[in-house]
Amino acid sequence: MAYGIALAVLADPTRRKVFERLRAGPRPVNRLAAGLPVSRPAVSQHLKVLKDAGLVEERSEGVRRIYSVRREGLMELRQWLDSFWGDALEAFKVEAETSNKAKGRK
């Protein structure tokens, strides 16, 4: 149930903003923290939680750590969300077929 962990981790609005900033590509902590209403150490803590959840990865570049989205970490969450779309389409199909039969259409 990794999608449950991802949902819980991304429920925090500040953490979600940090994560969304990584959408544009890899970033060091100072660039991620710029303009946020929390300190750089707080952003580092949010990144640790995101990393522990498998949503973010880091690499060293000299003395800096560069963070990026770990796309594999989003797969289970995406599959879970996609299952809703499949279920909704199937329910719509069943409803349309039932409605058409009730009206005498094929």
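The structure under discussion appears in the preceding block.
A few points on the structure. (Residues numbered from 1 in each chain as written. Predicted model: local features only at pLDDT ≥ 70, side-chain atom pairs only at ≥ 80, totals over all residues. Heavy atoms only, no water.)

Structural notes on helix H5 (residues 71-102)
Note that an α-helix has 3.6 residues per turn; residues three or four places apart therefore point the same way. For H5, which comprises 32 residues, the first-to-last C-alpha distance of 46 Å matches the rise-based estimate of 46 Å (1.5 Å per residue) to within 8%. The sharpest bend along H5 comes to roughly 25 degrees, located at Leu77. Where H5 terminates, the next one or two residues include Gly104, which has phi positive at roughly 80 degrees. (Helix = DSSP H or I, 4+ residues; strand = E, 2+ residues; numbered from the N terminus. Expected span 1.5 Å × (residues − 1). Bend = angle between axes of the 7 residues up to and from the residue.)

What about the layout of surface pockets?
The computed volume of the largest pocket comes to approximately 190 Å³. What lines the largest pocket is simply Leu10, Arg16, Phe19, Glu20, Leu22, Arg23, Val69, Arg71 and Leu74. The element that contributes the greatest number of residues to the lining of the largest pocket is helix H2 (residues 13-21), accounting for 3 residues. Split by residue class, the lining of the largest pocket holds 5 nonpolar, no polar and 4 charged. (1 Å grid on protein atoms, 1.4 Å probe; cavity = no way out; pocket = protein on both sides within 12 Å on 5 of 7 lines; lining within 4 Å. Points joined across faces, edges and corners; volume = space filled by probe spheres on them. Nonpolar A, V, L, I, M, F, W, Y, C, P; charged D, E, K, R; others polar.)

Overview of the pairing of strand S3 (residues 64-69)
Of the pairings in the sheet, the one linking strand S1 (residues 27-28) to S3 comprises 2 bridges and is antiparallel in character. Directly across from Arg27, in S3, lies its bridge partner Tyr67. Here 6 bridges tie strand S2 (residues 56-61) to S3, and the two strands are oriented antiparallel to one another. Each bridged residue has a counterpart across the sheet, and for Arg59 the counterpart in S3 is Ile66. A loop of 2 residues connects S2 with S3, the two strands running antiparallel in sequence, and Gly62 in this loop sits at a positive phi of about 70 degrees. (Pairing = 2+ DSSP bridges.)

Side note on the sheet that holds S2
To summarise the sheet geometry, strands pair through backbone hydrogen bonds and adopt either a parallel or an antiparallel arrangement. The antiparallel open sheet is built from 3 strands, whose spatial order is S1-S3-S2. On the outer flanks of this sheet lie S1 and S2, each paired with one strand and no other.

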